Amino acid sequence: MSKIELIITDNYDEMSQKASEIFIDLLKRKPNAVLGLATGSTPIGLYKKLIEKTKKKEISFKEVITYNLDEYCDIPKNHEQSYFTFMNENFFKHIDIKKINTHIPNGEGNSKFNAENYENDLQKIKIDLQLLGIGSNGHIGFNEPGTDFDIGVHEVQLTENTIKDNARFFNNDINKVPKKAITMGIRNILEADTIILLASGANKAKAIKSVMSGVIDKNVPASALNKHKGKVFVIVDKEAASQI
Ligand code: F6R
C-alpha cells in the first residue's frame, strides 16, 4: 500500500479548496517559497482561489519563485495554447508575482539545448511544493508511459492518447496539437520537498487507482510518486476516486 496521503473530496471545488489550503499554509510560513506549477484544466480552480486570496491581501507572491513542469515544442511562446500563455492568462497576470521569478521551459528552438538549460536552472534550486495533474494514461508532466524514472528535463514525443486528450484545446483538431513537448523528468519531480497531485473526473479514475495501489510501474508514470521520500498528497474528487 501507498504511504501517499489520499484526500477524497465531494467535487472539483472542494478539491481546489483543499489544495489551496496547502499552498496558503506554505506561503504564510515561507513567503519566498519555490513552487513547481502545472497547466491543464485541473489546476484552474486552485489558481482562482489563490488569486482571490492575493486580491484580499491574505497572501502574496512578491517573493515567490515558480518553475513550470512543461511546454509544447513547435508553437511560439505567444501562441494562445502555449503553456507560457496559459500561465500568464490563468495565474501570473492576476497575482503580484515578479515575472522574472517565473520559469517555463522554452519550447522554441533547439530542444536539447533548452532541456539542458532548464535542467541546470533546476539543479540550482529546491522546489518546496510541486503541483501535478495526471493524464488519463497516468502521465505526470509530459512523462508518458514507459519513461525512465531517472531522467531529467527532456524532449518527448506525445502519445496519441495525450494528443487526443489535448485536442479539446485546439478546436478538437488533433492535427493542430503539437506532437512534441519539453518536460521536467520524473527525477526532477521527485526532487521536490512536497508534492500535490490533483485529479478530477471519471477519466482519471483508472490512473488514480494504479497510483494508489502502491505498485511502482514504468507504464504508469505517476506511480513513481510512491518512491518519493517527502510528503505526497493525492487530492481527488469522488469520480476520480471511484475505482480505488
Ligand atoms: C500540464 C501537465 C500535464 C497535465 C495532465 C492533465 O502542465 O503537466 O501532465 O497535468 O495532462 O491535464 P488536465 O488537467 O487538462 O486533465
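Higher on the page you've got the structure.
Computed from a predicted model, the values in this text were never measured in an experiment.

1. Re helix α1 (residues 12-29)
Right, on to step 1. Between the first and last C-alpha of α1 there are 26 Å, a value that for 18 residues agrees with the 26 Å anticipated at 1.5 Å per step.
Right, on to step 2. The complete set of buried residues in α1 reads Met15, Ser16, Ala19, Ser20, Ile22, Phe23, Ile24, Leu26 and Leu27.
Right, on to step 3. Backbone nitrogen of Asp13 and a side-chain oxygen of the N-cap are separated by 3.2 Å at the start of α1; the cap is Asn11.

2. A word on the pairing of strand β8 (residues 180-183)
Right, on to step 1. Where strand β4 (residues 70-72) lies against β8, three bridges are found, and the strand directions are antiparallel. The residue of β8 that forms the bridge with Asp70 is Thr183.
Right, on to step 2. Here strand β7 (residues 154-157) pairs with β8 via four bridges, running antiparallel. Across the sheet, residue His154 finds its bridge partner in β8, namely Thr183.

3. Notes on the pairing of strand β10 (residues 231-237)
The two faces of the sheet receive side chains in turn, since in a regular strand these alternate between them.
Right, on to step 1. Of all seven residues in β10, six are buried; the element is thus mostly enclosed.
Right, on to step 2. Direction of pairing for strand β1 (residues 5-9) relative to β10: parallel, over a ladder of five bridges. Counted as the bridge partner of Thr9 is Asp237 from β10.

4. Looking at the site of the ligand
Right, on to step 1. What surrounds the ligand is a group of 14 residues, the closest being Thr42, Asp70, His139, Gly141 and Lys204.
Right, on to step 2. Within the side chain of Thr42, an N or O atom sits 2.4 Å from an oxygen atom of the ligand.
Right, on to step 3. In the model, an oxygen atom of the ligand is placed 2.8 Å from a nitrogen or oxygen of the Arg168 side chain.
Right, on to step 4. Look at the ligand: alone it shows 410 Å² of surface, and the protein chains cover 94% of it.
Right, on to step 5. Taken together, the residues of the shell around the ligand break down into three nonpolar, eight polar and three charged.

5. Brief notes about the sheet that holds β4
Right, on to step 1. Read from one edge to the other, the open sheet built from three strands follows the order β4-β8-β7, with strand pairing classed as antiparallel. Strands with a single pairing partner mark the edges of an open sheet, and in this sheet they are β4 and β7. Between one strand axis and the next, the sheet turns by 25° as a mean value, whatever way the strands run.

6. Some remarks on the packing of aromatic side chains
Where two aromatic rings form a pair, the distance of their centres and the angle of their planes describe that pair.
Right, on to step 1. Summed over the entire model, instances satisfying the criterion amount to eight aromatic pairs.
Right, on to step 2. When the ring of Tyr47 is compared with that of Phe91, the centres are 4.4 Å apart and the planes differ by 15°; the resulting orientation is stacked. Taken together, the positions of Tyr47 in helix α2 (residues 44-55) and Phe91 in the loop between α3 (83-90) and β5 (102-103) put the pair 44 residues apart, joining distant regions of the chain. Across this residue pair, the class does not change: Tyr47 and Phe91 are buried.

7. Quick word on the nonpolar core
Right, on to step 1. Phe61, Phe91, Leu197 and Leu225 are the most contacted members of the largest nonpolar core, which totals 67 residues.
Right, on to step 2. No other element matches the seven residues that α1 contributes to this core.
Right, on to step 3. Here Leu197 is in contact with Leu132, Gly133, Ile134, Ile140, Ile208, Ala222, Leu225, Phe233, Val234 and Ile235, once residues within four sequence places are set aside.
Right, on to step 4. One finds Tyr83, Leu158, Ala167 and Phe170 within the second-largest nonpolar core, a separate group that totals eleven residues.

8. Description of unusual backbone geometry
Residues apart from glycine generally show negative phi values, whereas peptide bonds are mostly found in trans.
Right, on to step 1. Phi is positive for Asn171, which is not a glycine, with a value near 50°.
Right, on to step 2. Along the polypeptide, Asn171 turns up in the loop between α5 (160-166) and β8.
Right, on to step 3. By relative accessible area, which is 65% here, Asn171 ends up exposed.
Right, on to step 4. Located in the positive-phi region is Asn172, a residue other than glycine, with phi close to 55°.
Right, on to step 5. By secondary structure assignment, the location of Asn172 is in the loop between α5 and β8.
Right, on to step 6. A relative accessible area of 63% places Asn172 in the exposed class.

Parameters and conventions
- Residues numbered from 1 in each chain as written.
- Predicted model: local features only at pLDDT ≥ 70, side-chain atom pairs only at ≥ 80, totals over all residues.
- Heavy atoms only, no water.
- Helix = DSSP H or I, 4+ residues; strand = E, 2+ residues; numbered from the N terminus.
- Expected span 1.5 Å × (residues − 1).
- Buried < 20%, exposed > 50% of the residue type's maximum accessible area, 1.4 Å probe, protein only.
- Polar contact = N/O pair within 3.5 Å; in protein donor to acceptor, adjacent residues only side chain to side chain.
- Pairing = 2+ DSSP bridges.
- Near = heavy atom within 4 Å.
- Areas by Shrake-Rupley, 256 points an atom, 1.4 Å probe, with all protein chains shown as cover.
- Nonpolar A, V, L, I, M, F, W, Y, C, P; charged D, E, K, R; others polar.
- Axes fitted to C-alpha atoms, helices over the stretch in contact; angles between N-to-C directions.
- Phe/Tyr/Trp six-rings, centres within 6.5 Å; stacked < 30°, edge-to-face > 60°.
- Core = buried A, V, L, I, M, F, W, Y, C linked by side-chain atoms within 4.5 Å.
- Contact = heavy atoms within 4.5 Å.

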